[in-house]
Amino acid sequence: MKLATWNVNSLKVRLPHLLDWLAREQPDVVCLQETKLEDPKFPAAELEALGWRCAYSGQKTYNGVAILSRAPAADLSLGIPGFADEQKRVIAATVDGVRVVCAYVPNGQSVDSDKYRYKLAWLEALTAWLRDELVRSPDLALLGDYNIAPEDRDVHDPAAWKGQVLCSEPERAAFRALQALGLKDSFRLFEQPEGAFTWWDYRMNAFKRRMGLRIDHILLGEHLAPRCKAARIDIEPRKLERPSDHAPVIAEIA
DNA sequence: ATGGCGGCTCGCAGCCGA
């Protein structure tokens, strides 16, 4: 089972890239973030015609998440239960026995902002919910844009980013709290090249200069992690014209 | 250098992202 996550930064603009990528990579499950589409505008018919089941929860301009799957998606759930949130950031479904949780973690803007406090509260609510969810569904995968670079090696310039949003210690502690639930960072189950990132700023030629961060992740429950055979980042779509600023991340489960 | 780029909106300037 090939699992993937991709922050597409507007599904309307990126649909051609997504369709090409789906045809090439042939994943079984794809989690999308930042679709920026209200549900009636989701390109469900086009994707379904190509054999994709679509579950989605979107809004105008911001946020928006979706799960595409080859097999049927059951037990759909939207948002974090018990956490009131206008923003469409979480969708979960069970596909082939795997509880797939697709998350778009708030950005946080800067460490002294209300958005940062919202981010930390949001992550705490996510973690509390997943603690229960893992009891019900141990075969759980948490995929998405975490907006957290977990370690210095996930940052092109750790000194410049030290203490900044995406890299701050409270955010990294929140990431470790997710790991403490038994979730494993699939990417780090394998030897990886240095300078492996999933996001590069559109500005300053950041991609060409390899100035990125690894902030998109696939975390696997304790039953799934031992079955993971490969994990990687696909930077090819970032090289295209009008790319998303994020690259897709893939984990393959035997 | 708080800019840079890109996507969005009851757009034509300002927001948000990361």
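Reading guide: rules and limits
- Residues numbered from 1 in each chain as written.
- Chains lettered and ligands numbered in written order.
- Predicted model: local features only at pLDDT ≥ 70, side-chain atom pairs only at ≥ 80, totals over all residues.
- Heavy atoms only, no water.
- Helix = DSSP H or I, 4+ residues; strand = E, 2+ residues; numbered from the N terminus.
- Rg over C-alpha atoms; globule rule 2.2 N^0.38 Å.
- Contact = heavy atoms within 4.5 Å.
- Areas by Shrake-Rupley, 256 points an atom, 1.4 Å probe, with all protein chains shown as cover.
- Lys, Arg positive; Asp, Glu negative; His and termini not counted.
- Charge placed at Lys NZ, Arg CZ, Asp CG, Glu CD.
- Pairing = 2+ DSSP bridges.
- Axes fitted to C-alpha atoms, helices over the stretch in contact; angles between N-to-C directions.
- Phe/Tyr/Trp six-rings, centres within 6.5 Å; stacked < 30°, edge-to-face > 60°.
- Buried < 20%, exposed > 50% of the residue type's maximum accessible area, 1.4 Å probe, protein only.
- Lys NZ or Arg CZ within 6 Å of the ring centre and 35° of its normal.
- Salt bridge = Lys/Arg side-chain N within 4 Å of Asp/Glu carboxyl O.
- Core = buried A, V, L, I, M, F, W, Y, C linked by side-chain atoms within 4.5 Å.

S.K.: Please provide a residue-by-residue account of the overall build of chain A, values included.
M.R.: Looking only at helices and strands, chain A has 5 helices and 14 strands in total. Over its C-alpha trace chain A gives a radius of gyration of 17 Å, about what one expects of a compact globule, namely 18 Å for 254 residues. Residue pairs at least 24 apart in sequence account for 69% of intrachain contacts in chain A once pairs closer than 6 positions are excluded. Approximately 11,600 Å² of chain A is accessible, and the part contributed by carbon and sulfur atoms is 50%. Charged side chains of chain A number 34 positive and 36 negative; the gap between the two group centres comes to 3 Å.

S.K.: Summarise the sheet that holds strand 2 (residues 29-33); cite the residues concerned and give the values.
M.R.: Strand order in the open sheet formed by 6 strands is 3-4-2-1-14-13, and the pairing between neighbours is mixed. Where the open sheet ends on each side, the last strands, each with one partner, are strand 3 (53-57) and strand 13 (228-233). When strand polarity is set aside, the average angle formed by the axes of neighbouring strands in this sheet is 10°. Taken together, the 5 bridges between strand 13 and strand 14 (residues 249-253) define a ladder with antiparallel strand orientation. Bridge pairing in strand 14 places Ala230 opposite Glu252. Each of strand 1 (2-7), strand 2, strand 4 (65-69), strand 13 and strand 14 is contacted by helix 1 (residues 11-25), which is oriented at about 160° to strand 1, the strand it contacts most.

S.K.: Can you lay out the packing of aromatic side chains for me, pointing to particular residues and giving the numbers?
M.R.: For the coordinates displayed, the defined rule picks out 4 aromatic pairs. Between Phe42 and Tyr56 the ring centres are 4.1 Å apart and the planes differ by 5°, which places this aromatic pair in the stacked class. Taken together, the residues Phe42 in the loop between strand 2 and helix 2 (44-49) and Tyr56 in strand 3 connect sequence positions 14 residues apart. The buried category is assigned to Phe42, whose relative accessible area is 7%. Take Tyr56: its relative accessible area is 25%, and that puts it in the partly exposed class. Sitting over the ring of Trp52, Arg70 keeps its end group 4.0 Å from the ring centre.

S.K.: Can you break down the pattern of salt bridges residue by residue, with the values?
M.R.: Applying the stated criterion across every chain yields a total of 16 salt bridges. In this structure, the salt-bridge partner of Asp234 is Arg24, at a minimum N-O distance of 3.1 Å. One end of the pair, Asp234, is in the loop between strand 13 and strand 14; the other, Arg24, is in helix 1, with 210 residues separating them in the sequence. Residue class for Arg24 comes out partly exposed when judged on its relative accessible area of 46%. With its nearest N and O atoms 2.9 Å apart, the salt bridge here joins Lys239 to Glu236. The exposure class assigned to Glu236 is partly exposed, which follows from its relative accessible area of 39%. Connected via shared salt-bridge partners are Asp154, Asp185, Arg188 and Arg214.

S.K.: I'd like a description of the nonpolar core, backed by residues and values.
M.R.: Core analysis: the biggest nonpolar cluster contains 32 residues, and Leu3, Ile67, Val100, Ala141, Leu143 and Leu220 have the highest contact counts within it. Residue assignment for this core shows that the elements contributing at least two residues are strand 2, strand 4, strand 6 (90-95), strand 7 (98-104), strand 8 (140-145), strand 12 (216-220), strand 13 and strand 14. When residues in this core are grouped by element, the largest group, 4 residues, is from strand 7. Ignoring anything within four residues of it in the chain, the contact list for Val100 reads Val29, Cys31, Ile67, Ile91, Ala92, Ala93, Val95, Ala141 and Leu143. Residues Ala92, Val101, Leu142 and Phe175 belong to the second largest nonpolar core, which totals 23 residues.

S.K.: Any details on the sheet that holds strand 12? Residues and values, ideally.
M.R.: Strand order in the open sheet formed by 6 strands is 5-6-7-8-12-9, and the pairing between neighbours is mixed. At either end of the open sheet lies a strand with only one pairing partner, and these are strand 5 (73-78) and strand 9 (184-185). Relative to strand 8, strand 7 runs parallel, the two being bridged by 6 bridges. Of the residues in strand 8, the one forming a bridge with Val101 is Leu142. Where helix 5 (residues 169-180) meets the sheet, its contacts fall on strand 8, strand 9 and strand 12, and the angle it forms with strand 12 comes to roughly 25°.

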